[in-house]
Amino acid sequence: MKATTHTEIYRPFEGTLSTRSFRFLTIAWSGIRLASKKKLPLLVMLGPPAMAAIIFSFIVYASYALQKGEVPGIDAGQAQMVLALAGKNTEVAEQIVSFLTFPLVRGFVLLTVAWFGAGMIAEDRRLGAHLLYFSRPITRLDYLLGKFLATAWFGCLALLVPAIAINTIAAFSSPDWSYVKDQWDVILKTVAFSAAWIAIITALVLAVSSLVERKTLALAAVFGLVFLTEAVSNVLFQLTHESRYRLLSLFRNTDRLADWAFARKTSYDWAPEASLCAVSMLFASTLFVLWWRLRRMEEVA
Amino acid sequence: MSAIIVAKDVGRWYGEVVGLSDLSVSIEGGVTGLVGPNGAGKSTFMKLLVGEIRPSRGALTVLGETPFANLRLYRRIGFCPQQDALYDHMRGREFVAALVRLYGFSAKESNRLAIRALERVHLEDAMERKVGEYSKGMRQRTRLAQAIAHGPELLVVDEPLSGLDPVARHETLELFKELGEAGTHVLLSSHVLHEVQSLTQEIVLIHRGRLLAQGSVGDVRRLLSRHPRRVRLTVREPRRLAEAFLRFDHVGAIRFHDDDGLDVETRDVETFFKDLPALATELGVGIKSLESPDADLEAIFDYLVG
């Protein structure tokens with residue numbers, strides 16, 4: 001049918017229009033699928049944390065097996081080696097917090113989140129893809145949440161999933177489910193600590209991504225920011241011997257918070273509240289930058 | 001026909017840079033061309049229409065609703081930006097389907113609509129290839145596909161013909177014609193004036209963020225009656241004919257070119273064309289050719305912007 005005027009035909013939408021309000025999940029899923037297209041970076045980034053998780057899981061398993069006196073396939077010498085690997089500390093909580101703050105794991109979690117998150121907003125701005133998003137029935141908050149979840153997903157694969165795996169090994173290895181019964185709080189703290197750490201670095205990476213228009217620039221800026229503050233913190237501490245300068249370091253603060261959360265003996269001489277305050281300020285700043293840049297996207301569109 | 005787009009004193013600034021300045025325009029349905037030179041404010045106006053940005057001042061309604069942050073309205077609009085906006089690692093179908101999903105369609109339905117839209121822009125053979133392998137024209141058509149996939153009432157297309165080869169250009173224009181005939185309102189911008197003219201007679205001319213003229217090309221031309229219009233003739237005896245033209249009050253200037261060429265500027269083109277055959281016969285000057293080079297949009301635009 002041909003229209004003689006253009007208002008004669010109304011073209012109704014076909015199919016089923018969902019009324020669900022979680023549209024950010026569509027953006028997140030699309031972001032995850034897009035970022036997962038290249039398998040090699042996934043393998044390279046997630047390999048080392050996975051290997052660390054296997055080692056820590058084995059230590060946890062062996063610790064319980066040693067406690068029970070059942071060490072299948074391990075002789076006394078190997079048992080001693082396991083204990084040496086465990087740092088003479090067979091406490092499961094200790095092993096989990098060691099995993100969470102293990103420099104290699106922490107480095108690769110940062111690398112993973114930065115690699116997959118650096119281009120999330122920067123590339124959209126460079127290509128103008130945000131114009132396609134913002135002309136659709138989604139809000140800027142949906143867009144931000146979608147990008148946040150997509151980036152955090154890779155952080156979860158690098159940290160949360162291995163940490164949960166270690167907890168699961170501990171639960172199954174412990175005699176009579178004693179780990180779950182007596183140390184259930186460790187499981188909750190593991191999830192909370194991992195989630196908080198991932199959220200902070202995800203927000204940091206996305207904030208940097210929103211400020212530049214190239215993924216490589218964003219990557220460089222994230223590592224520059226993290227390692228520069230680390231270096232400045234160390235230098236100032238070495239020069240002045242004042243521990244407050246170590247509050248500039250993201251890693252030191254998270255170490256301090258891990259010690260506090262898991263009730264571990266700490267080597268730092270400042271209150272955990274100071275670290276909590278420093279990390280909260282960083283998180284709030286990144287959220288502010290993100291919100292400001294998203295609002296400004298309409299001007300640079 | 002009621003207006004689908006109404007802008008009243010709409011202004012938009014980017015800091016100190018003026019994107020649009022007190023633009024008041026009312027656009028009715030159908031296919032309309034938004035014409036203006038680079039930097040005229042076409043893209044800004046389009047982004048305002050699709051709710052990407054909000055006006056710094058003034059009021060704007062699209063399909064009877066205020067566009068900014070109006071999620072309900074976004075379902076009824078399709079937008080094809082000028083920017084590339086495509087993810088190279090995705091397949092064409094995946095890309096379009098992912099964007100269609102944001103309207104609330106199920107995954108299966110989104111996929112179906114994406115395939116249909118890609119077929120409509122003649123990308124059916126390439127839809128399973130990665131976008132990174134597409135030519136510039138194919139990328140443009142992919143952008144078009146994502147804009148039309150959900151069957152919008154209003155399609156807003158920013159410079160849709162740039163980068164297209166002649167065949168793709170023709171196909172794209174045909175697609176707009178089809179959409180217009182099927183009832184979709186189409187607003188497309190271009191600075192390639194004759195292409196807009198070949199698609200629609202309804203134009204909106206903007207320059208430096210202001211409305212310059214609006215209506216059909218003919219209407220706009222008539223509005224400009226105070227401007228002299230040029231007629232180019234090739235005749236056997238140009239000087240004799242020029243002498244005769246000087247008797248007409250509406251002829252303002254005459255210029256010779258080549259050996260047999262004559263450019264005449266007239267303020268009353270209708271009278272000119274009415275009198276010309278009789279005059280030519282009377283003088284026996286033998287008119288070989290006649291054209292009005294400034295009757296097209298390009299000339300109108302040149303007149304308007306000075």
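Refer to the structure presented above.
Heads up: these notes are all about the structure in this document. Being a predicted model, the structure only gives us computed values, none of them experimental.

If charged atoms from side chains of opposite charge come close, those side chains can pair. Applying the stated criterion across every chain, the model contains 30 salt bridges over all chains. The salt bridge partner of R126(A) is E123(A), with a shortest N-O separation of 2.6 Å. Here the residue R126(A) and the residue E123(A) both occupy positions in helix α5 (residues 103-127), the gap between them amounting to three residues, near one helical turn. Taking the relative accessible area as the measure of exposure, R126(A) reaches 35% and is therefore partly exposed. With a closest N to O distance of 3.4 Å, R255(B) and D263(B) form a salt bridge. Given the relative accessible area of 4%, D263(B) is considered buried. Connected via shared salt-bridge partners are E65(B), R72(B), R76(B) and E153(B).

On to the packing of aromatic side chains, then. For any two aromatic rings, the description comes down to two numbers: the centre-to-centre distance and the angle of the planes. Enumeration according to the criterion identifies 16 aromatic pairs over all chains in this entry. Aromatic side chains F245(B) and F272(B) sit 5.1 Å apart centroid to centroid with 40 degrees between the ring planes, which places their arrangement in the tilted category. Taken together, the residues F245(B) in helix α9 (residues 238-245) and F272(B) in helix α10 (residues 269-283) connect sequence positions 27 residues apart. The buried category is assigned to F245(B), whose relative accessible area is 0%. Take F272(B): its relative accessible area is 1%, and that puts it in the buried class. For R140(A), the ring lying beneath its charged end belongs to F134(A), and the centroid distance is 4.4 Å. The lysine or arginine in question, R246(A), covers the ring of F237(A), its NZ or CZ lying 4.2 Å from the ring centre.

Residues F22(A), L25(A) and L149(A) make up a contiguous nonpolar surface patch of roughly 270 Å² in combined accessible area. Its location among the elements puts L149(A) in helix α7 (residues 140-173).

Now for the pairing of strand β3 (residues 31-35) of chain B. Residue and element names in this part refer to chain B. The element β3 is largely enclosed, with a buried count of five among its five residues. Burial along β3 is two-sided: V31, G33 and V35 and T32 and L34, pointing in opposite directions, are all buried. The pairing of β3 with strand β7 (residues 185-190) spans five bridges and is classified as parallel. Looking across to β7, one finds that L34 is bridged to S189. Sheet analysis places β3 next to strand β8 (residues 202-207), joined by three bridges and oriented parallel. In the sheet register, L34 faces β8, and the bridge partner there is V204.

Basis of the calculations
Residues numbered from 1 in each chain as written. Chains lettered and ligands numbered in written order. Predicted model: local features only at pLDDT ≥ 70, side-chain atom pairs only at ≥ 80, totals over all residues. Heavy atoms only, no water. Salt bridge = Lys/Arg side-chain N within 4 Å of Asp/Glu carboxyl O. Helix = DSSP H or I, 4+ residues; strand = E, 2+ residues; numbered from the N terminus. Buried < 20%, exposed > 50% of the residue type's maximum accessible area, 1.4 Å probe, protein only. Phe/Tyr/Trp six-rings, centres within 6.5 Å; stacked < 30°, edge-to-face > 60°. Lys NZ or Arg CZ within 6 Å of the ring centre and 35° of its normal. Patch = residues over 30% accessible without salt bridge, like charges linked within 9 Å, V, L, I, M, F, W, Y side chains within 5 Å. Areas by Shrake-Rupley, 256 points an atom, 1.4 Å probe, with all protein chains shown as cover. Pairing = 2+ DSSP bridges.

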